[in-house]
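Structural overview for review
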Amino acid sequence: MPGATPYKAYSLNNFRDIPQMANLSDEIKFDIQVVGHVLPFKTNSFVIDHLIDWSNVPDDPLFILTFPQRGMLLPEHYDEMAALVKSGAKSSILKATANRIRMGLNPHPAGQVSHNVPTLEGDSLDGMQHKYRETVLFFPSNGQTCHAYCSFCFRWPQFVGMAELKFASKEVERLVVYLQANPQVTDVLFTGGDPMVMNARHLAAYIEPLLAADLPNLRHIRIGTKSLSFWPYRFLTDNDSDELLALFRKVSESGKHLALMAHFNHPRELAPEPVKQAIKAIRDTGAVIRTQSPLLAHINDDPALWTEMWNAQVDLGCVPYYMFVARDTGAQHYFAVPLIRAWEIFREAYQRVSGLGRTVRGPSMSANPGKVQVLGVSEVQGQKVMVLRFIQGRDPDWIHRPFFAKYDEQAAWLNDLKPAFGEPHFFFEAGLESFYRENLQTAHSEDYE
Ligand SMILES: *Cc1c(COP(=O)(O)O)cnc(C)c1O
Ligand code: SF4
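Residues numbered from 1 in each chain as written. Chains lettered and ligands numbered in written order. Predicted model: local features only at pLDDT ≥ 70, side-chain atom pairs only at ≥ 80, totals over all residues. Heavy atoms only, no water.

**A word on unusual backbone geometry**
- Here the amide bond leading from G192 into G193 is cis, since omega sits at 15 degrees, within 30 degrees of zero.
- By the element assignment, G193 lies in the loop between strand 7 (187–190) and helix 7 (200–212).
- Cis peptide bonds are those with omega within 30 degrees of zero, and the linkage from G362 to P363 qualifies with -15 degrees.
- Of note, Q381 is a non-glycine position whose phi angle comes to about 45 degrees, a positive value.
- Following the sequence through the fold, Q381 ends up in the loop between strand 13 (370–380) and strand 14 (383–393).
- Positive phi, normally seen in glycine, also occurs at F421, with a value near 60 degrees.
- When you line up the elements, F421 lands in the loop between strand 15 (403–406) and helix 14 (429–438). (Helix = DSSP H or I, 4+ residues; strand = E, 2+ residues; numbered from the N terminus.)

**Some remarks on the side chain of N265**
- By the element assignment, N265 lies in the loop between strand 9 (257–263) and helix 10 (273–283).
- Residue N265 is classed as buried on the basis of its relative accessible area, which comes to 1%.
- A distance of 2.5 Å separates a polar atom in the side chain of N265 from a polar atom in the side chain of K226.
- For N265, the residues in contact, after removing those within four places along its chain, are L65, F152, K226, S293, P294, L296, I299, N300, L305 and M309. (Buried < 20%, exposed > 50% of the residue type's maximum accessible area, 1.4 Å probe, protein only. Polar contact = N/O pair within 3.5 Å; in protein donor to acceptor, adjacent residues only side chain to side chain. Contact = heavy atoms within 4.5 Å.)

**Focus: the site of ligand 2**
- Close contacts around ligand 2 come from C146, Y149, C150, C153, F159, G193, K226 and H263, and that covers them all.
- Grouping the amino acids of the shell around ligand 2 by side-chain chemistry returns five nonpolar, two polar and one charged. (Near = heavy atom within 4 Å. Nonpolar A, V, L, I, M, F, W, Y, C, P; charged D, E, K, R; others polar.)

**Quick word on the sheet that holds strand 14**
- Read from one edge to the other, the open sheet built from 11 strands follows the order 5-6-7-8-9-10-11-12-13-14-15, with strand pairing classed as mixed. In this open sheet, the two edge strands, each paired with only one partner strand, are strand 5 (128–132) and strand 15. Ignoring strand direction, the axes of neighbouring strands in this sheet form an average angle of 30 degrees.
- When strand 5 meets strand 6 (residues 135–138), the two strands line up antiparallel, connected through four bridges. The residue of strand 6 that forms the bridge with Q129 is L137. (Pairing = 2+ DSSP bridges. Axes fitted to C-alpha atoms, helices over the stretch in contact; angles between N-to-C directions.)

Encoded structure:
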């Protein structure tokens, strides 16, 4: 497409070169500097030229989406880092301080690292996670970065060089053997980072062996990506865009369902013409685009905006899939929306879309026992309670059983909730504990209290 913006990435080293930065105050630039030492920061020319409304900065939600904000650090952490930056501290000191602050930000929520790594003949398969019966997550080693970084992302430790937290695997052969040995698995979900940062040849090296192998159980290949928003040219004018679309077509023609799990956080991300063209190009290959986003203070905590976003997605032929609750990691204190408010926002937005948009589920917490949906607030025998259910669970028997928690307007995560009616435990806790016992060598029972 003529006129495509050339890809240029900006981070801590060069963000002052962004032309639009010239109009911003020194204070905002200093805050970016300070917070960007602790949390990952990368943005790019498309985000800058097509998504951010610069007349609305610093409050613009799309600015907040990729640029570090002062409020993302707790005041004491901010002050400590700011003093070091001001005094011109050595980079080794900045790094050590940043690492100490990061360790206090729950860098591996929901047992991400320890609980879900599958094994094959006794060896653990790094670069894979198998938490729910049907779906294996696969982290291709070439796909562990993104076209830009979302400031709320729970994968943030992977981007700041906390290397031991990186999931990576080149071992697609072992994935194939694992899938042969586990016929209950119907889905492989490629995730990252963003697997769409990979060139078409690398991606094919992961996907084609899955098509070539005899895997009748494998029905769905999913790719989690934010590239439609952050770099739609990936599907239009990059050197290998045609090759990439041909690969997608090959998956569909093989009889497997290819789903792009696309992240959109704000309706404005669907407006640029290249985004619409990229969606069309992908859909023309036979792939289905399903959409998901967390609910985030400062970015999208407004029901009208979700209605607009889901409507725009359905108009473009995408299928709304999940509204997530912001995870208990990183800058959660900045982005968190209490569960009851989250439910109100979901409900108000859901009421205003047609049935075609009501494929979306939420608000849902990806917590250690599973994906827990807040169904709402109700009253049972004169007591106000919160009603919840599992959409996904470590134990499939937990799924779709309503359960009750004490009404709590402040609660923002599953760990904050207490069982209703004076019960000592939620129904799934005994099962979760036996799961921990079976995984004793790696258990962190503090993940779920
Ligand atoms: C969400 C998620 C999946 C996919 O769940 P679906 O409900 O099938 O979309 C798989 N594994 C993990 C760890 C997840 O968090
Ligand atoms: S694109 Fe996805 S993985 Fe990358 S920073 Fe954003 S949410 Fe995280």
